[in-house]
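Residues per chain are reported as follows:
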Amino acid sequence: MNTQKVIAELDAKHGIVIDGQARGAANTFEVHDPATGRTVAEVADGTAAAARSAVDAAHRAFPGWAKTSPRQRSDILRRVFDLMIADTERLTALICAENGKSQADARAEVGYAAEFFRWFSEEAVRTDGAYGVSPAGGTRTVVTHKPVGVAALVTPWNFPAAMATRKIAPALAAGCTVVLKPAAETPLTALAIAGILSAAGVPDGVVNLVPTTDAAGVVENWLSDDRVRKMSFTGSTGVGRVLLKQAAERIVNASMELGGNAPFIVTADADVDAAIAGAMVAKFRGGGQACTAANRFYVHASVVDEFVAGFGAEVSALRVGPASDSASQIGPLVSERAAQRVAAAIDAAVADGAVVAAQAQAPTAGWFVAPTLLTGVAPDAAILADEIFGPVAPVVVWNDEDELLRWANDTEYGLAAYVYAGRLQDAVRLAEALDAGMVGINRGVVSDPSTPFGGMKQSGLGREGARIGMHEFQETQYFSVAFD
């Protein structure tokens, strides 16, 4: 596929989409290919005025969309799914170009992203409620749900398709209209998805897109607008704290999917080969640039040598390169700054006593970091304290289970965790003791549209996906009906 042609056809200089119309802006910003650093597109740079116009459009469209029957909304969302699947190669090319993912990872993301429209097309018609006699008698209670209103959606760069669809699909299924701010690093995929939504029959004004380099200004504008009743944000915990403070000023309904620091636990009786296979997925999918990525590997002393030998061989064999090479398994990091940060973390860990046990080869040009396996890592090492967000796997040896659990839970984060154990009962017992919203048990993937995605502690508020994902965009209402 000719990626340059695909990007040109998007007309990103008119990439602000409001009320179904593509708009330009006084200024543009550049989107870069992380594999080369070269500019691949110039995108309209939305301002606070564009943010207000987007809310104007969403507010006007809300009454009509909210009154649209669940079946009609369902049919439209199902068409979006079909169109996304048919458009897989174009969307894959865009993700590769602006995010740098390997072709395999990008193609898998498209399938995952599209699945949210299929799932929520099915949930849209499953309206639920309750009816019953009040305990005191004399009245009947009717419980129902209604769309919360205009929803402001803010998405990160690491999954430019899936993070948008995971929010747009339930919002539309619930009857909300949306304003979306994609990450400035990866706005092209969101622009393509906006076109697909329109082609599927989503009415003008229901989904509005404002790419911008002034994220703080645009989002603050939305949070201060009385017509915006929902905020859904995926990003860092630090930014999430700021947005929650702003949302508190108007008591805006807020969902937050924030940072992670996932432990990956291997017990003495685990299937080591299976654990290695799971570790490769949990750590290196998307180059480790995922909030659910395994960040800290705790391996029992009795199997650590076997695990490190096998894991190291797999890490060393990884093909690192640009997405233009279909054989590449790991792409670059999203920016030069990100690459420098992760490389510095490796150097600091080695200076602190860690040993590079295995390392793949990586290109010297572009924003690449070689996938690295570190051993000799102390339980209190600095590299374990924060989210690495890169292809680095530090291994800590454990013997005592109580001590292991203290180490695993000694973090402000609680998004994901992974447990590999021989006995399922032991794996579930460990999972129940972990402060994590999602635990992969003998598997290296936790994400699925049908499951409640979200974390504990400072990893967020609320859940995305599953039935609850639509409830996040609804208000519960009840009627007390005089009956006797």
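The rules behind the values
Residues take numbers from 1 onward in each chain, read along the sequence in its written order. Reporting in this predicted model follows two pLDDT cut-offs: at least 70 for local features of residues, and 80 or more for side-chain atom pairs to be given and counted; totals over whole chains, interfaces and linings ignore these cut-offs and use all residues. The side-chain quantities take in all heavy atoms of the structure and omit both hydrogens and water. Should DSSP find at least two bridges between two strands, the strands are regarded as paired. Comment: elements are numbered from the N terminus, with helices defined as DSSP H or I runs of at least four residues and strands as E runs of at least two. All axes are obtained by fitting lines to C-alpha atoms, using only the stretch in contact for helices, and the reported angles, taken between N-to-C directions, cover 0 to 180 degrees. It only takes one pair of heavy atoms within 4.5 Å for two residues to be counted as in contact. Whether a residue is buried, partly exposed or exposed follows from its accessible area with a 1.4 Å probe, protein chains only, as a fraction of its type maximum: under 20%, in between, or over 50%, in that order. We call a crossover right-handed when, viewed with the strands running away from us, the connection from the first strand over the helix to the second turns clockwise. Aromatic pairing here means that ring centres of Phe, Tyr or Trp (its six-membered ring) are within 6.5 Å. Orientation follows from the plane angle: under 30 degrees is stacked, over 60 is edge-to-face, and everything else is tilted. Here, a charge over a ring means that NZ of Lys or CZ of Arg falls within 6 Å of the ring centre while also lying within 35 degrees of the ring normal. Polar contacts, as counted here, are pairs of nitrogen or oxygen atoms within 3.5 Å of one another; within protein the pair requires one atom able to donate a hydrogen and one able to accept it, and residues that are adjacent in sequence qualify only if both atoms are side-chain atoms. Given the number of residues in a helix, its expected span is that number minus one, multiplied by 1.5 Å. For patches, a residue must show more than 30% relative accessible area and have no salt bridge; joins then use 9 Å for like charges and 5 Å for nonpolar side chains, namely Val, Leu, Ile, Met, Phe, Trp and Tyr. Note on areas: Shrake-Rupley with a 1.4 Å probe; residue coverage comes only from the protein chains shown. Whenever a carboxyl oxygen of Asp or Glu lies within 4 Å of a side-chain nitrogen of Lys or Arg, that contact is scored as a salt bridge. For our purposes a nonpolar core is just a set of buried Ala, Val, Leu, Ile, Met, Phe, Trp, Tyr and Cys residues, chained together by side-chain atoms within 4.5 Å.

A. Fine view of the sheet that holds strand 14 (residues 355-359). With mixed pairing, the 7 strands of this open sheet are ordered in space as 14-15-16-13-12-18-19. On the outer flanks of this sheet lie strand 14 and strand 19 (438-441), each paired with one strand and no other. Here the average twist between neighbouring strands, direction ignored, is 20 degrees. In the sheet, strand 12 (residues 262-266) pairs with strand 13 (residues 294-300) via 5 bridges, with the strands oriented parallel. Bridge pairing in strand 13 links Pro-263 to Arg-296. Packing against the sheet, helix 14 (residues 424-433) makes contact with strand 18 (416-420) and strand 19, and its axis sits at approximately 165 degrees to strand 19.

B. Layout of the sheet that holds strand 6 (residues 139-147). Reading across the sheet, the 3 strands line up as 5-6-22 and stay open at both edges, with antiparallel pairing between neighbours. Single-partner strands in this sheet number two, and they are strand 5 (130-133) and strand 22 (474-482). Averaged over neighbouring strand pairs, the angle between their axes works out to 20 degrees when direction is ignored. Pairing analysis gives 9 bridges linking strand 6 to strand 22, with the strands arranged antiparallel.

C. Examining the pairing of strand 18 more closely. Across the 5 residues of strand 18, 5 count as buried, placing the element largely inside the fold. Burial of strand 18 is two-sided: the residues Ala-416, Tyr-418 and Tyr-420 facing one way and the residues Ala-417 and Val-419 facing the other way are all buried. Of the pairings in the sheet, the one linking strand 12 to strand 18 comprises 3 bridges and is parallel in character. Considered in strand 18, the bridge of Val-266 is made with Tyr-420. A crossover connection joins strand 18 to the parallel strand 19 through helix 14; in handedness this β-α-β unit is right-handed.

D. Expanded view of the packing of aromatic side chains. Tallied over the entire structure, the rule returns 9 aromatic pairs. When the ring of Phe-264 is compared with that of Tyr-420, the centres are 5.3 Å apart and the planes differ by 25 degrees; the resulting orientation is stacked. Here Phe-264 is found in strand 12, whereas its partner Tyr-420 is found in strand 18, with 156 residues between them in sequence. Taken individually, Phe-264 and Tyr-420 each receive the classification buried, so the pair is uniform in this respect. Chaining the aromatic ring pairs together yields one cluster made of Phe-264, Phe-284, Phe-297, Phe-307, Phe-311, Tyr-418 and Tyr-420. Cation over ring: Arg-140 sits above Phe-483, and NZ or CZ is 3.8 Å from the ring centre. Over the ring of Phe-473 we find Lys-230; its NZ or CZ atom is 5.3 Å from the centre of that ring.

E. Summary view of the environment of Gln-289. Assignment of secondary structure puts Gln-289 in the loop between helix 10 (272-284) and strand 13. Look at Gln-289 and you get buried, because its relative accessible area is 3%. As for Gln-289 and Gly-390, which are separated by 101 residues in sequence, their C-alpha atoms are 5.4 Å apart. Sequence-distant contacts of Gln-289, defined by excluding residues within four places in its chain, comprise Trp-157, Asn-158, Phe-159, Pro-332, Leu-333, Val-334 and Phe-389.

F. Looking closely at the side chain of Ser-459. Checked against the element boundaries, Ser-459 lands in the loop between strand 20 (456-457) and strand 21 (460-461). Exposure remark for Ser-459: the relative accessible area of 0% places this residue in the buried category. Within polar-contact distance, the side chain of Ser-459 engages the backbone oxygen of Gly-259 at 2.6 Å. Here Gly-414 takes part through its backbone nitrogen, which lies 2.8 Å from a polar atom of the side chain of Ser-459. Other than its neighbours up to four places away in sequence, Ser-459 contacts Met-256, Glu-257, Leu-258, Gly-259, Gly-260, Glu-412, Tyr-413, Gly-414 and Leu-415.

G. Up close: helix 7 (residues 188-199). For helix 7, which comprises 12 residues, the first-to-last C-alpha distance of 17 Å matches the rise-based estimate of 16 Å (1.5 Å per residue) to within 8%. Of all 12 residues in helix 7, 9 are buried; the element is thus mostly enclosed. Every buried residue of helix 7 is listed here: Leu-188, Thr-189, Ala-190, Leu-191, Ala-192, Ile-193, Ala-194, Ile-196 and Leu-197. Positive phi shows up at Gly-201, right after helix 7, with a value of about 110 degrees.

H. How the structure looks around a nonpolar patch on the surface. A cluster of nonpolar side chains, contributed by Tyr-131, Phe-479, Val-481 and Phe-483, occupies part of the molecular surface with about 410 Å² of accessible area. Structurally, Val-481 is set in strand 22.

I. Broad picture of the pattern of salt bridges. For the coordinates displayed, the defined rule picks out 23 salt bridges. The salt bridge partner of Asp-426 is Arg-429, with a shortest N-O separation of 3.1 Å. Highlighted residues: Asp-426 and Arg-429, both in helix 14, separated by 3 residues, approximately one helical turn. Judged by relative accessible area, Asp-426 falls into the buried class, the value being 19%.

J. Just the nonpolar core, in detail. With 66 residues, the main nonpolar core has Met-84, Phe-117, Ile-168, Leu-172, Leu-188, Leu-197 and Val-207 as its most contacted residues. Excluding anything up to four places from it in sequence, Ile-168 contacts Phe-117, Leu-153, Leu-180, Leu-197 and Val-207. With 38 residues, the next largest nonpolar core counts Cys-291, Val-308, Leu-318 and Tyr-420 among its residues.

K. Representation of the side chain of Ser-121. Assignment of secondary structure puts Ser-121 in helix 5 (residues 103-123). The exposure class assigned to Ser-121 is buried, which follows from its relative accessible area of 4%. If near-sequence neighbours (up to four positions away) are discounted, Ser-121 is found in contact with Ser-74, Leu-77 and Arg-78.

L. Here's a closer look at unusual backbone geometry. Despite not being glycine, Asp-11 shows a phi value in the positive range, around 55 degrees. Take Asp-11: it is sitting in the loop between helix 1 (3-10) and strand 1 (16-18). Relative accessible area serves as the criterion here: at 37%, Asp-11 is assigned to the partly exposed category. With a phi angle near 50 degrees, Lys-457 is a residue other than glycine that sits in the positive phi range. Its place among the elements puts Lys-457 in strand 20. Looking at Lys-457, the relative accessible area reads 38%, which means it is partly exposed.

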